[in-house]
Structures are given as C-alpha cells and as structure tokens.
Amino acid sequence: MACGAQAADVATVKTEAAPVEAPFFLFADTQVGYRYQFPTVSPGVQIQRGDGSFVSREAPKQILNISHADAWAYGTNFFSLDILKSGSQFPAGTTNPPGTIGNPFFQDYGNTEAYGLYRGTLSLNALTNTKAFAIPGLVKDVSLAFGFDANSQNDAFGSKKRDVVGGLNFAFDVPAGFLNLSVHAYKEWNRNGFNVQPDRDQSFDVVPEFELVYNFPLTFTGLPLSVTGFNNIVLPKGRGVQNVADFAFNPKRGLEFLSRTNLVLDLGKLVYDQPNKVDVFIGFQYWLNKFGNVETATFKGTEEKSFLAGFAFHVF
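Cut-off values and rules
- Residues numbered from 1 in each chain as written.
- Predicted model: local features only at pLDDT ≥ 70, side-chain atom pairs only at ≥ 80, totals over all residues.
- Heavy atoms only, no water.
- Buried < 20%, exposed > 50% of the residue type's maximum accessible area, 1.4 Å probe, protein only.
- Helix = DSSP H or I, 4+ residues; strand = E, 2+ residues; numbered from the N terminus.
- Pairing = 2+ DSSP bridges.
- Phe/Tyr/Trp six-rings, centres within 6.5 Å; stacked < 30°, edge-to-face > 60°.
- Lys NZ or Arg CZ within 6 Å of the ring centre and 35° of its normal.

### Focus: the pairing of strand β14 (residues 225-234)
So, point 1. Among the ten residues in β14, eight count as buried, and that is most of the element.
So, point 2. As paired elements, strand β13 (residues 207-217) and β14 share nine bridges and run antiparallel to each other. Residue pairing across strands places Phe210 opposite Ile233, the latter belonging to β14.
So, point 3. Inspection of the sheet shows β14 paired to strand β15 (residues 256-266) by ten bridges, in the antiparallel sense. Residue Asn232 lies in a different strand from β15, and its bridge partner there is Leu258.

### Topic: the packing of aromatic side chains
So, point 1. Applying the stated criterion to the full structure yields eleven aromatic pairs.
So, point 2. Centroid distance Phe311 to Phe313: 5.7 Å. Interplanar angle 70°. Geometry classified as edge-to-face.
So, point 3. Relative accessible area serves as the criterion here: at 40%, Phe313 is assigned to the partly exposed category.
So, point 4. Ring-pair connections join several aromatic residues into one group, and the members of that group are Phe24, Phe25, Trp72 and Tyr74.
So, point 5. The ring of Phe204 has Lys237 sitting right over it, with the charged end atom 4.9 Å from the ring centre.

### Here's the deal with the pairing of strand β9 (residues 139-153)
So, point 1. Bridge count between strand β8 (residues 112-123) and β9: eleven bridges; the pairing is antiparallel. When the bridges of β9 are listed, Leu122 appears paired with Leu144.
So, point 2. The sheet contact formed by β9 and strand β10 (residues 162-172) spans eleven bridges and is antiparallel. By the bridge assignment, Ala145 is partnered in β10 with Gly167.

### Observations regarding unusual backbone geometry
So, point 1. The amide bond that connects Phe38 to the next residue, Pro39, takes the cis arrangement and shows omega of -10°.
So, point 2. The residue Pro39 is located in strand β1 (residues 25-40) in this model.
So, point 3. Despite not being glycine, Asn129 shows a phi value in the positive range, around 55°.
So, point 4. In the Ramachandran plot, Phe291 falls in the positive-phi region, its phi being about 60° despite a non-glycine side chain.
So, point 5. Looking at the element boundaries, Phe291 is found in the loop between β16 (278-288) and β17 (304-314).

Have a look at this one:
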C-alpha cells in the first residue's frame, strides 16, 4: 500500500508539473453550404424588346460553398470557395477569335463558375505585445490585412479574375458579435472574351478597396438568430487595357458596390440544443456596377438585386 501511495504521489506531481500546451487555433470553423439565388444578372447578357430597348436577362444560380475561418495567437484566416451553376439563360460557351469555327459557340445549358478568396490578418497588438493599437470603446485591434481572389468561368466573357489586396483591418469594439473594416490597396487582372483583339487580358489600375464584415446576434428575439453580411466597395479601376483599339470593348469602370445580408437561424441549437452544427438562412444581395461595368442604354446586366436562401453544415 505504501508503494502504491508513493507511486500515486509521484504521478500527481508529474501531472501537475507537466506543461499544458495551448491549442494552436483559438477558434476554427469549417462549413459546407448550399444557397439558391434569384434573380441574378450578368454584364452584357440582355434581351432586346420590340421597341428596340434592352433589358437585363435574368437567371437563377445554385451555389455550393466551402469555407473555413480560424483565429490564432497572431491573427486570423478566412477562405471561401463558391461553385456557381447558372440557369440555361446564361449559357456556357465561348467567343472565339474572328475567322475561327464556332464564333460564337454556345451550349444549351448554364455556365459554371468557381470563385475563391482568402483573407488574412496579423494583429498589431499581438505582434507588439501591447495594447497600443486599441481605443477602448471604439477599436479593439488594428491588424495588417492581406489576401487574394481568383475565379474562372466558362461563359462568353470567359473571366479569369485574379486580384491581390493589402492594407489595414480595424476590429471595432462592439458589445456582441463583431464588426470589422478593411481598407486595402486593390490590384486586379482579368480577361475579356468580348474583345476582338487576340490579346484579351486586362490589367487594371491599383485603387482603394473597402470591406465591411459583420455578425450580430439577435438575442432580443429569444431565438438563436443572427444577422451576418458584408459590404465591398472598389473604386473605379480604369479600362484594364493600354491599346486604344480595345477601348470600345473595355470602357472605363465605375465604382463597384456589393452588399449581402443574411438572417441566420442556428437550427441545431433550436431543435437539438447543439449550437454551431446546422444553420439555415435567407438573405438579400445588391450589386451595383457588377465587376465595375457601368450600365448604358445598350449595355445591361450590371445591377443585381437578388434574394437567396440556403443552409450550412459546420463540419469541423
């Protein structure tokens, strides 16, 4: 019995003395979701009415999303990938160079787009081990912010958007949830399939870009509800070309504004008392000057007002 007691004492001492490793991620969440969105528009995709005027053609989109967000000792990471399938009103196809067979050539089914983005931050408070970048009651932290977007779409325009952003992120001191504003320098490269010139690549000017992201719990409802969303502003980024012959196909871009707001219900919390498992949501999206394109009497599909609904599973 004495030996057993000594062994227990030694084990207790070793246990108490052993350091406890903190997890690398302070927070991590991975989601797989689906949303249905209608109506959507696409720049340059339009219908000519009997009186000769043009209106935007509209189509639904089905969207599969995989996203991941985490926080660690020095910052945060966010990644999102959308796979968007359009209705047949927005066909897959291509506009080939003049003189080639199948110019233009369209399919009888909707196009598909893949759109991915990454955003990261590095906390200046954490990097300096101070609270120098906090203003009590106003700003909790200021961070270095950086990221990129990339897409590919098999429609006539054939976009291959690539952009990088870099700047500062301000985390506001709010009572619940979060409210973050990023102020970035923004540089975009893309492709314009409507351009008749062999070189259809575009390189836009470096311009300011602003991203406001928020998530607020609606505790006053007595339900596990929250309102989440984002607002993006990209200032006019030029034509994207240097060749004067391409100006007709690459007009000056306007200020681009994209806003999405979702009302989210934590269904797992409501039904099974297991929070952060299953969400359902409805929302609204507004997009002015889509991809920077400015609407004219003969060029439509640049202003989008659409509703959406979907669900998401928290898998990790």
